[in-house]
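A structural walkthrough
Take a look at the letters that make up each chain.
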Amino acid sequence: MSDSGSGVGSGGGSVNGPVEKPRADVTVDEEGRFVVRVRLPLPASAHPRLLFQPRPAKGQPKDRAEETGRVVALEPAGQDQWRAVLEAAPALTEGRWDAYVLGMPGEERTPLLPGLRDLRALVSGAGDGRATPLAVRIPYATKDGRLAVRAWLRTTHAEAGRIVFAGHSMTVRARLFGARLGEGAAALLHRRGRDTVVRQLALRAEGGQDFSFTADYQDLLAERGQPGDGAAPAVWDVYVLPAAGASRIRVARLLDDVADRKTVFVYPAATLGGVTVRPYYTVDNDLAVDVALTPAG
């Protein structure tokens, strides 16, 4: 959008000066609908639309991502106010979606700025009654100050809950969605890299679909199953195996109002054997454990 030249003022009249960038307030209701209210100085005869555009995945052509955008009509809702509802279905595919307005004067599409975000309906979202595939979407402000949506769509999911730390171990409580715990259930820690190493941990059923497990950090320092041999820097991804022979399920924290948990939830680190071990959430809000060499003091 040009920052100079003629613009559209309040009530749609032409004025000199910059065009006001559209800003949106978003309310998420208990059914997962987005009610979007946009402050947009256009005449009532205009026909603006709201576009949610998925960012291309790594290696995906940009034009391919643009074919899958979601467009919703903006309806007049008072002077310089427009309203749209993004229904919960169909679900957004997993990834990040940027928000734009279509139909601004002289612009193909205009990025939306974030206004107020009412996410109270998302705060306690880990109830037993969630349908699967699990569809989650959280509006947020990007680092460069634009409105976007983080979406997850998972057929099965293990929702991480409270994590308790004691000495050189952590105990994770979680809840399973889209699968049932059965014989042979276990927690799995997979070390990233070509020579994948897996640590299998005992899983404790806590009633219903809830479970817990305890990870001893010392087990992550052993190379090829031999304790005490030391450890190179590594990242361990956390999964649950709901039953023997079943597919593994990623443990993550998705069911609340935090779109980017990595810098928000900072867990304590433990130092042992010359390394520092710290659980954390990835950029996708998946649970992982980082093992790094302890800096020389």
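These notes cover the structure that comes with them.

Rules used in this analysis
Residues numbered from 1 in each chain as written. Predicted model: local features only at pLDDT ≥ 70, side-chain atom pairs only at ≥ 80, totals over all residues. Heavy atoms only, no water. Helix = DSSP H or I, 4+ residues; strand = E, 2+ residues; numbered from the N terminus. Buried < 20%, exposed > 50% of the residue type's maximum accessible area, 1.4 Å probe, protein only. Contact = heavy atoms within 4.5 Å. Areas by Shrake-Rupley, 256 points an atom, 1.4 Å probe, with all protein chains shown as cover. Pairing = 2+ DSSP bridges. Phe/Tyr/Trp six-rings, centres within 6.5 Å; stacked < 30°, edge-to-face > 60°. Lys NZ or Arg CZ within 6 Å of the ring centre and 35° of its normal. Salt bridge = Lys/Arg side-chain N within 4 Å of Asp/Glu carboxyl O.

With respect to the overall build of the chain
From N to C terminus, the chain includes two helices and 23 strands. Looking at the chain as a whole, 44% of its 297 residues are labelled buried. Sequence separation of 24 or more characterises 60% of the internal contacts of the chain that already satisfy a separation of 6 or more. About 15,100 Å² of surface is accessible on the chain, with carbon and sulfur atoms providing 50% of the total.

Notes on the pairing of strand β8 (residues 81-86)
Residues Trp82, Ala84 and Leu86 point to one face of β8 and are all buried, whereas Gln81, Arg83 and Val85, pointing to the other face, are not buried. In terms of strand pairing, strand β4 (residues 34-39) meets β8 through six bridges, oriented antiparallel. In the strand pairing of β8, valine 35 is matched with valine 85. Where strand β7 (residues 75-76) and β8 come together, two bridges link them in antiparallel fashion. Counterpart to proline 76 in the pairing with β8 is tryptophan 82. Hairpin connection between β7 and β8: a loop of four residues separates the two successive antiparallel strands, and glycine 78 in this loop has a positive phi of roughly 115°.

Some thoughts on the packing of aromatic side chains
Inspection of the entire model under this criterion finds four aromatic pairs. On the basis of an interplanar angle of 50° and a centroid distance of 5.6 Å, the ring pair of phenylalanine 165 and tyrosine 267 is categorised as tilted. A residue pair is termed long-range when its members are at least 10 positions apart, and phenylalanine 165 in strand β14 (residues 157-166) and tyrosine 267 in the loop between β20 (249-252) and β21 (270-272) qualify at 102 residues. A relative accessible area of 29% places phenylalanine 165 in the partly exposed class. In this structure tyrosine 267 comes out as buried when scored by relative accessible area, which is 13%. Here phenylalanine 265 and tyrosine 267 contribute two aromatic rings whose centre-to-centre distance is 6.4 Å and whose plane-to-plane angle is 70°, an arrangement assigned as edge-to-face. Put simply, the rings of Phe165, Phe265, Tyr267 and Tyr281 pair up and form one aromatic cluster. Sitting over the ring of tyrosine 239, arginine 248 keeps its end group 4.0 Å from the ring centre. Stacked on the ring of tyrosine 281, the Lys or Arg arginine 261 has its end atom at 5.5 Å from the ring centre.

Here's the deal with the pattern of salt bridges
When the charged atoms of two side chains lie near each other, side chains of opposite charge can form a pair. For the structure on display, the rule yields 16 salt bridges. The partner of aspartate 286 in a salt bridge is arginine 154, with the nearest N and O atoms 3.0 Å apart. Placement of the pair is aspartate 286 in the loop between β22 (275-281) and β23 (287-293) and arginine 154 in strand β13 (residues 147-154), with a sequence separation of 132 residues. Arginine 154 shares its class with aspartate 286; the two are buried. The salt bridge partner of aspartate 210 is arginine 175, with a shortest N-O separation of 2.6 Å. One end of the pair, aspartate 210, is in strand β18 (residues 210-216); the other, arginine 175, is in strand β15 (residues 169-177), with 35 residues separating them in the sequence. Among the charged side chains, a salt-bridge network with shared partners connects Glu94, Arg154, Arg192, Asp237, Arg250 and Asp286.

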